[in-house]
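Listed below, chain by chain, are the residues.
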Amino acid sequence: DLQLVYPSPEEGRVPPARNPRGAGGGHERPSWDNRLQYLLSCIGFAVGLGNIWRFPYLCQTYGGGAFLIPYFVALVLEGIPLFHIELAIGQHLRTGSVGVWKAVSPYLGGVGLGCLTVSFLVSLYYNTVLTWVLWYFLNSFQNPLPWGSCPLDLNRTGSAEECQASSPVSYFWYRRTLNVTADVSDSGSIQWRLLACLAASWAVVYVCVIRGIESTGKAIYFTALFPYLVLTIFLIRGLSLPGAVEGLTYLFTPDVSCPRVWLDAATQIFFSLSLAFGGHIAFASYNPPRNNCEKDAVIISLVNSLTSLYASIAMFSVLGFKAANDHGRCLDRNILRLINAFELPDQSVDRDDYAAVLTHLNATQPERVARLGLETCRLEDFLDKSASGTGLAFIIFTEAILHMPGAPGWAVLFFGMLFTLGLSSMFGNMESIITPLLDMGVTHRFVPKEVLTGLACLVCFLSAICFTLQSGNYWLEIFDNYAAPLNLMVFAFFEVVGVAYVYGVQRFSDDIESMTGRRPGLYWQVTWKVVSPLLLLTIFVAYVATLARTPLSYKAWDTQYVWFPSRQEKSYPGWVQAACVLLCFLPILWVPAVALAQLLAAHRRKKDTGRDRCPKL
């Protein structure tokens, strides 16, 4: 009898990797001690320095309401769907980023290699930021803090001229820490104190990641939870300080005049979740096969976003205090000028009376008031003096700490928090590098994992020495601006297209159902097939258009600049512009290179097969 044979539902699906090398020596792949360890590791990787110094800046720039709406729209339509893909595919295939995309399609193997390359480049400069944080942390155990006053000049007859022209906080950052040159072309010499801190930072990273998740899983309990404790302490203290309410009001006052808010919100959620680095794929590959990756994706994404919001409230309660303090001192200087010029009794004018007194004098003796050159003292102007990145951490917030009673203690807490935040993210970055290398078997099976990890950290340390030069800060900005953003968008696009159209949403849904017991609903399938790819493509085009309109320039700290202490905007020299372009496109080149190699290999195999079939004479 003729029987119809129906295809098995398993047919055509990529099977999970069998015993991929994870712990070195060809042993069984390690696994997390418990689910909390895994969740904290993913949260620690996602919640990094950007949550502290990038999100609050964007929130303040556009106003909370105007920024949070597009931010959460991007989270739902872009962030969570992509995050779910990475967790699910890593858990199912139980291998790192290189192995995952080779399994989906050999032609997508370059995506995994590109993710590894970006993780390497990011690790170089990310740990350099931790080097600066460590330097400030060590200097915080002094009373008074070393950035609280100007040092003496060489003759010891007065304060250093550069410090007097700028501020003690800026002087400590640009001169005592970076000893920065006035031009990116002038490399200067290695700053040995920074080199020592860089070595210490990499040593700490190595000790923590030495045995992969077996060691980072223990450290993550402290590095992931300690920042929340410090943020809570800062929030409680900040809310009790004068000016906190004004700071928070300013943070959440919407500014709907800028359409770029949608682009910044979409890119922020993308980078904030650490998508397309390969770290989350690596972490998920150590999960048990039946883990509920859908639930994990939603929980981690929401915790990351709420942490950003929580950090913004804590930071701006303190920055509001700083603004109120600066505003008060501005009023005091103007009051002193009025008292001296009009021979008023001492303490006859206080801050509350200043506006009324000034209005009266302007009405009666406007010429004399005009000659005084009084400063414009508006609280909004001081609240607007914010910054993102290193400017917020090492200048704005360190100056705010100076005004707080018990400043050294607050400095120790703040820089300790930044170091642990960055360390948690470095765990994910290093896992993005080491897990694929182990899975590819780049070393002999008898070489311990500790040796490969040590070699990776050593190569990263040696490569990052360039950032300890006097021009290192300029190069770090170049790496930060050009090494990751464009590449990660391209890799994320290939990830979602690879799963949705190469591997197939139906097969992917079958895999998820076999792991979680639940089939992905309409929301997941629509976002994977349509919304996320289109949104990523739109973001990519908008980002490239913005990049094309932005001149390749940087801001230099030059004491000879006519408007010093404002930083001078300079164009990058040609060879530096070439380096910027190279950083933008070098990791992406893995994708066409590997696809072309696979195409040539397939053509060669086809040719060899055809030759074998030819009859011999």
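Residues numbered from 1 in each chain as written. Predicted model: local features only at pLDDT ≥ 70, side-chain atom pairs only at ≥ 80, totals over all residues. Heavy atoms only, no water.

The name given to the protein in an unreviewed UniProt entry is Transporter, and the organism recorded there is Panthera leo. Under the UniProt heading Subcellular location (unreviewed entry), the note attached to the protein is "Membrane". One UniProt comment on the protein, placed under Sequence similarities (unreviewed entry), says "Belongs to the sodium:neurotransmitter symporter (SNF) (TC 2.A.22) family." (UniProt positions renumbered as here; feature names shortened; annotations may be inferred.)

Chemist: Any chance you could break down the overall build of the protein for me, citing the residues and the numbers?
Modeler: In terms of helices and strands, the protein carries 25 helices and two strands. Taking 25 Å as the expected radius of gyration for a compact globule of 617 residues, we find that the protein reaches 28 Å, a close match to that expectation. Judged by the C-alpha coordinates and their principal axes, the protein covers about 115 × 50 × 45 Å. Across the 617 residues of the protein, 53% fall into the buried class. Long-range contacts, defined as pairs at least 24 residues apart, comprise 82% of the intrachain contacts of the protein with a sequence gap of at least 6. Carbon together with sulfur atoms contributes 62% to the accessible area of the protein, which is approximately 27,100 Å² in total. In the protein, the 44 positive side-chain charges and the 44 negative ones have mean positions that sit 10 Å from each other. (Helix = DSSP H or I, 4+ residues; strand = E, 2+ residues; numbered from the N terminus. Rg over C-alpha atoms; globule rule 2.2 N^0.38 Å. Buried < 20%, exposed > 50% of the residue type's maximum accessible area, 1.4 Å probe, protein only. Contact = heavy atoms within 4.5 Å. Areas by Shrake-Rupley, 256 points an atom, 1.4 Å probe, with all protein chains shown as cover. Lys, Arg positive; Asp, Glu negative; His and termini not counted. Charge placed at Lys NZ, Arg CZ, Asp CG, Glu CD.)

Chemist: An account of the packing of aromatic side chains is requested, with residue identities and associated values reported.
Modeler: Counted by the stated rule, this structure contains 40 aromatic pairs. Just above the ring of Trp 135 sits the side chain of Arg 193; from NZ or CZ to the centre is 5.7 Å. (Phe/Tyr/Trp six-rings, centres within 6.5 Å; stacked < 30°, edge-to-face > 60°. Lys NZ or Arg CZ within 6 Å of the ring centre and 35° of its normal.)

Chemist: For the UniProt feature "binding site: Na(+) 2" (unreviewed entry) in the protein, give the residues involved together with the corresponding values.
Modeler: The UniProt record marks Gly 44 with the feature "binding site: Na(+) 2" (unreviewed entry), using the residue numbering of this structure. With respect to the secondary-structure elements, Gly 44 resides in helix H1 (residues 35–46). For Gly 44, a relative accessible area of 3% puts it in the buried group. Gly 44 has contacts with Leu 421, Ser 424 and Ser 425, leaving out every residue within four places of it along the chain.

Chemist: Could you give me a rundown of the state of the cysteines, with the residues and numbers involved?
Modeler: If you walk through the whole model with that rule in mind, you get two disulfides. For the protein, the bonded cysteines connect in the pattern 1-2, 3-4 when numbered consecutively along the sequence. In this model Cys 457 remains outside any disulfide bridge; the closest cysteine sulfur is found in Cys 460, 6.5 Å from its own. (Disulfide = S-S within 2.5 Å.)

Chemist: Can you explain the nonpolar core? Please cite residues and give values.
Modeler: Counting residues in each nonpolar core, the largest one holds 173 residues, and the members touching the most others are Trp 202 and Met 430. When near neighbours in sequence (up to four residues on either side) are disregarded, Trp 202 contacts Ser 123, Asn 127, Met 426, Met 430, Cys 457, Cys 460, Phe 461 and Ala 464. Listed in part, the 17 residues of the second largest apolar core include Tyr 250, Ile 339, Val 349 and Phe 382. (Core = buried A, V, L, I, M, F, W, Y, C linked by side-chain atoms within 4.5 Å.)

Chemist: Give me the lowdown on the pairing of strand E1 (residues 553–556), citing residues and values where you can.
Modeler: Residue alternation in E1 divides its side chains into a buried set, Tyr 554 and Ala 556, and an unburied set, Ser 553 and Lys 555. Note that E1 and strand E2 (residues 568–571) share four bridges and pair antiparallel. Counterpart to Lys 555 in the pairing with E2 is Glu 569. (Pairing = 2+ DSSP bridges.)

Chemist: An account of helix H21 (residues 472–482) is needed here, citing residue identities and associated values.
Modeler: Counting buried positions over the 11 residues of H21 gives eight, a clear majority of the element. Burial in H21 covers these residues: Gly 472, Asn 473, Tyr 474, Trp 475, Leu 476, Ile 478, Phe 479 and Tyr 482. Those residues of H21 that are buried lie in contact with helix H6 (109–139), helix H8 (168–177), helix H22 (485–516), helix H23 (522–549), E1 and helix H24 (574–585).

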